[in-house]
Every structure is written in C-alpha cells, then in structure tokens.
Amino acid sequence: MTASTHTITLLTRAGCGSCEQAREQLLPLCEEFGISLESVDVDEAAAVDPELRAEYGDRLPVVLLDGREHSYWEVDEVRLRSDLTI
C-alpha cells in the first residue's frame, strides 16, 4: 500500500480545543503525503451512527488511519509518519 492510498480521518467535537490542535498538526502531514484530511464531528454523526459517539466520544480527538484507530487525545506524529510510508 502506498501513501496515496491511505485515508486519515479525525474524529472531533465542536468547541474541542484539542481537536483543533490535532487538525492543525495533521494538515501539513496530510499535504506532505498527498492525503486529504477527513473530519467527522461525532455529535453530528450520532444522528446516523450513534455507535461512533459511544465508542469514541470520551477520548477525542481520535485519529483513524484507513478506518482503524491510530491514536487519541494526541497525534502520534512519529508513528503516523512511519505507518504512512508502509
């Protein structure tokens, strides 16, 4: 799998300062690897997928790499960068 086939999704909540900080940290990394950063507000998504908020809502922000949990509360940039080169 090349870096361009990866997806990064940031699970967030409105008004979450840590979520905004994670977004700011992820944007240049995503640009470097040619990946679009997807962002999902778990509270908004709960209308369609309540399990998303139930699973992740108490440990935001959460970074998903290719749909799987990669890190939460903080962006593990070193590990993420390494996993993106695989």
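Everything below is about the structure printed above this text.
Note that the structure is predicted; figures quoted are calculated from it, not measured.

## Some details on the nonpolar core
Working step 1: Core analysis: the biggest nonpolar cluster contains 13 residues, and Ile8, Leu26, Leu80 and Leu84 have the highest contact counts within it.
Working step 2: With five residues, the top contributor of residues to this core is helix α1 (residues 17-33).
Working step 3: Not counting residues within four places of it along the chain, the set of residues in contact with Leu26 comprises Ile8, Leu10, Leu37, Val63, Val75 and Leu80.
Working step 4: Counting nine residues, the second-largest nonpolar core is a separate cluster that includes Leu11, Ala45, Val62 and Leu64.

## Here's the deal with α1
Working step 1: For α1, spanning 17 residues, the distance from its first C-alpha to its last is 25 Å, which sits close to the expected 24 Å at 1.5 Å a residue.
Working step 2: For α1, every residue scored as buried is listed here: Cys19, Ala22, Leu26, Leu29, Cys30 and Phe33.
Working step 3: Among the residues trailing α1, Gly34 stands out with phi positive, at a value near 70°.

## A look at the side chain of His6
Working step 1: Here His6 is to be found in the segment before β1 (8-12).
Working step 2: Polar contacts involving the side chain of His6 include one to the side chain of Asp66, which spans 2.7 Å.

## Concerning the sheet that holds strand β3 (residues 62-65)
The strands that make up a sheet pair up through hydrogen bonds in the backbone, lying either parallel or antiparallel.
Working step 1: The four strands are arranged β2-β1-β3-β4 in an open sheet whose pairing can be described as mixed. Single-partner strands in this sheet number two, and they are β2 (37-41) and β4 (68-72). Each strand of the sheet is rotated relative to its neighbour by a mean of 30°, with strand direction disregarded.
Working step 2: Bridge analysis of β3 against β4 gives four bridges, and the strand direction is antiparallel.

Reading the values: the criteria
Residues numbered from 1 in each chain as written. Predicted model: local features only at pLDDT ≥ 70, side-chain atom pairs only at ≥ 80, totals over all residues. Heavy atoms only, no water. Core = buried A, V, L, I, M, F, W, Y, C linked by side-chain atoms within 4.5 Å. Buried < 20%, exposed > 50% of the residue type's maximum accessible area, 1.4 Å probe, protein only. Helix = DSSP H or I, 4+ residues; strand = E, 2+ residues; numbered from the N terminus. Contact = heavy atoms within 4.5 Å. Expected span 1.5 Å × (residues − 1). Polar contact = N/O pair within 3.5 Å; in protein donor to acceptor, adjacent residues only side chain to side chain. Pairing = 2+ DSSP bridges. Axes fitted to C-alpha atoms, helices over the stretch in contact; angles between N-to-C directions.

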